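# Structural overview for review
One letter stands for each residue in the lines below.
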Amino acid sequence: MRLHQLVKDIHFDDPLWQERHTITRPEQLREVLDEILRPSALDDMIAGLHQASMSVRINPYLLDLINWQDMEHDPIRRQFLPLASEMTASHPLQSLDALDETADSPVEGLVHRYPDRALLLVTDRCPVYCRFCTRSYNVGVDTSSVIKIRAQSISHRWQSILSHLRMTPRIVDVVVSGGDCARLKASQLLEIGRGLLSIPSIRRIRFASKGLSVLPMKITRDHAWTDALTVVSDEGRRQGVEVSLQTHFNHPIEITPSVLSAANLLFAKGVMVRNQSVLLRGVNDDASVLGLLIKHLGDLHIHPYYVYLCDPVPGIEDMRVDLATACQLEKAVRGLTAGYNMPAFVVDAPGGGGKRLIHSYERYDRYSGLSTFTAPAVKAGRLFLYPDPLHALSPDARRDWLDPQRAQAMVADMQRQSA
């Protein structure tokens, strides 16, 4: 079925219909887009998907948002459908598990990095797959470049996770993520929420889902799922436990009438919503774009919580933004709206240092593109390095990074100067 037929289908607003017509194989794009794109452009896109760390998964709703007349520069296309011609070699310091989550997992499915917070990974599936996913090591199906780390289903891990949380009362804040909570059944969402609410030490529960931005009809039409989220939110409020939805918008064009309806419904039901954006080259690395996104989110009662520098994972070097640009953007947008609606710009320090404000670096060398961060409350005594993308460096610096001995020397010099 071609794109214009999908968009005109009377079931377009049905989340199950969207799921059934989601593109999950690169070659499917030929049938959907062959009347829109020239063969060479389709070849470029399919070649990019075969090189990517993330498998393709994109629904008709998102395909309809893309401006196919200028698809090379379209911010939606860039997030989900790479072109082989735009991809560049990954930084030598890239890592599939850039945040070292597996090392911080006391039991399978639970990442305990911060003293009082934990990350609960409940699924390895999402409604759509982002190119820049920080969990490309386990989210989605295998690709030609990445064999995913497969976990047991949440039902097999659930009791051991709950047991660990009960025995670790210092954990008071749990983020339920994956993957994406939108891929949970309503019964699973309810079971997980109530299971966490049964632990007296837990005071905050955050369900993470990009569904609001990429599948808003999930909120408005899957009444069982939205009711389950609302029930957990209401029960939490009665117990004095804060329950919220963490979502993910990167560009103002993602805020559609369907999103407006879904956000208004959540607000009416009393569900708190926060947003986490990722700073992406060619998507939102522009002060006017970021400013508009922040203001639109505030108007929807969605708190703009974080703007992340993109994690240095494989296959996305062309999408990363350097630290200097991030600092300039943060200064440019601060003051556009009320302070409580301004996001914090952060680096999630590679190696497991956690989120650090971008201006809080210890040192920043513009030649090598290396910045260093410390995290005394998370992992005292350790130094964490974040590398700028290679495209932001001078030709000489790029050549140095391609020389293993020189690259090792630049890292050693930065560590010594920051000690």
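Relevant structure appears above.
These lines cover the structure that appears in this document, whether it is placed above or below.

Each value, and the rule that gives it
Residues numbered from 1 in each chain as written. Predicted model: local features only at pLDDT ≥ 70, side-chain atom pairs only at ≥ 80, totals over all residues. Heavy atoms only, no water. Axes fitted to C-alpha atoms, helices over the stretch in contact; angles between N-to-C directions. Helix = DSSP H or I, 4+ residues; strand = E, 2+ residues; numbered from the N terminus. Parallel < 35°, antiparallel > 145°, perpendicular 65-115°, else oblique. Left-handed = near helix turned anticlockwise from the far one by under 90°. Contact = heavy atoms within 4.5 Å. Nonpolar A, V, L, I, M, F, W, Y, C, P; charged D, E, K, R; others polar. Buried < 20%, exposed > 50% of the residue type's maximum accessible area, 1.4 Å probe, protein only. Pairing = 2+ DSSP bridges. Salt bridge = Lys/Arg side-chain N within 4 Å of Asp/Glu carboxyl O. 1 Å grid on protein atoms, 1.4 Å probe; cavity = no way out; pocket = protein on both sides within 12 Å on 5 of 7 lines; lining within 4 Å. Points joined across faces, edges and corners; volume = space filled by probe spheres on them. Core = buried A, V, L, I, M, F, W, Y, C linked by side-chain atoms within 4.5 Å.

The next subject is the packing of helix H7 (residues 154-166) against helix H8 (residues 186-197). Close contact between H7 and H8 brings their axes to 11 Å; oriented N to C, the two are set at 15°. When the interaxial angle is binned, H7 and H8 end up roughly parallel. Considering the relative orientation of H7 and H8, their crossing is right-handed. Contacts between H7 and H8 involve Ile154, Trp158, Leu162 and Leu165 from the former and Gln188, Glu191, Ile192, Gly195 and Leu196 from the latter. In terms of residue class, the contact of H7 with H8 is made up of six nonpolar, two polar and one charged.

Looking at the element boundaries, valine 32 is found in helix H3 (residues 28-33). Residue classification places valine 32 among the buried positions, given a relative accessible area of 6%. Counting along the chain gives 29 residues from valine 32 to leucine 3, while the straight-line C-alpha distance between them is 5.1 Å.

Okay, the sheet that holds strand S10 (residues 363-365) next. Read across the open sheet, the three strands follow the order S10-S11-S12; overall the sheet is antiparallel. Either end of the sheet is taken by a strand with one partner, and the two such strands are S10 and strand S12 (383-387). Pairwise comparison of adjacent strand axes, ignoring direction, gives a mean angle of 20° for this sheet. Across three bridges, S10 lies against strand S11 (residues 370-374) in antiparallel orientation. Residue pairing across strands places tyrosine 364 opposite serine 371, the latter belonging to S11.

Packing of helix H15 (residues 395-402) against helix H16 (residues 404-418) leaves a shortest axis separation of 5 Å and a crossing angle of 105°. By the angle class used here, H15 and H16 are roughly perpendicular. Each of Asp400, Trp401 and Leu402 in H15 lies in contact with H16, whose residues at this interface are Pro404, Arg406, Ala407, Met410 and Val411. Of the residues in the contact of H15 with H16, the class split is six nonpolar, no polar and two charged.

One pass over the full model with this rule turns up 27 salt bridges. Residues arginine 57 and glutamate 19 are paired through a salt bridge, measuring 2.8 Å at the closest nitrogen-oxygen approach. Of this pair, arginine 57 sits in the loop between helix H4 (39-51) and helix H5 (60-65) while glutamate 19 sits in helix H2 (residues 15-20); the two residues are 38 residues apart in sequence, bridging distant segments of the chain. By relative accessible area, arginine 57 is classed as buried at 12%. For lysine 269, the salt bridge is made with aspartate 227, and the minimal N-O distance between the two is 3.7 Å. Residue lysine 269 is found in the loop between helix H12 (257-268) and strand S6 (272-279), and its partner aspartate 227 is found in helix H11 (residues 223-239); the two are separated by 42 residues along the sequence. The exposure class assigned to lysine 269 is partly exposed, which follows from its relative accessible area of 28%. Ionic contacts of the salt-bridge type, sharing partners, join the residues Arg77, Arg78, Glu86, Arg131 and Asp318 into one network.

Moving on, we come to the layout of surface pockets. To find leftover empty space, one rolls a probe the size of a water molecule over the atoms. If you add up the space inside the largest pocket, you get close to 1000 Å³. Lining the largest pocket are 43 residues, and of these Thr134, Arg135, Ser177, Gln276 and Tyr308 sit closest to its centre. Residue assignment for the lining of the largest pocket shows that the elements contributing at least two residues are strand S2 (117-121), strand S3 (173-177), strand S4 (204-208), strand S5 (242-247), S6 and strand S7 (302-309). With four residues, the top contributor of residues to the lining of the largest pocket is S7. Residues belonging to the lining of the largest pocket are distributed by class as follows: 23 nonpolar, 10 polar and 10 charged.

Before going further, it helps to spend a moment on the nonpolar core. Leu81, Leu196 and Phe207 are the most contacted members of the largest nonpolar core, which totals 87 residues. Broken down by element, this core gets its largest block of residues, five residues, from H7. Excluding anything up to four places from it in sequence, phenylalanine 207 contacts Val176, Cys181, Leu189, Ile192, Gly193, Leu229, Val232, Val243, Ser244, Leu245 and Gln246. Formed by 19 residues, the second largest nonpolar core is a distinct cluster that contains Val307, Leu323, Ile358 and Phe373.

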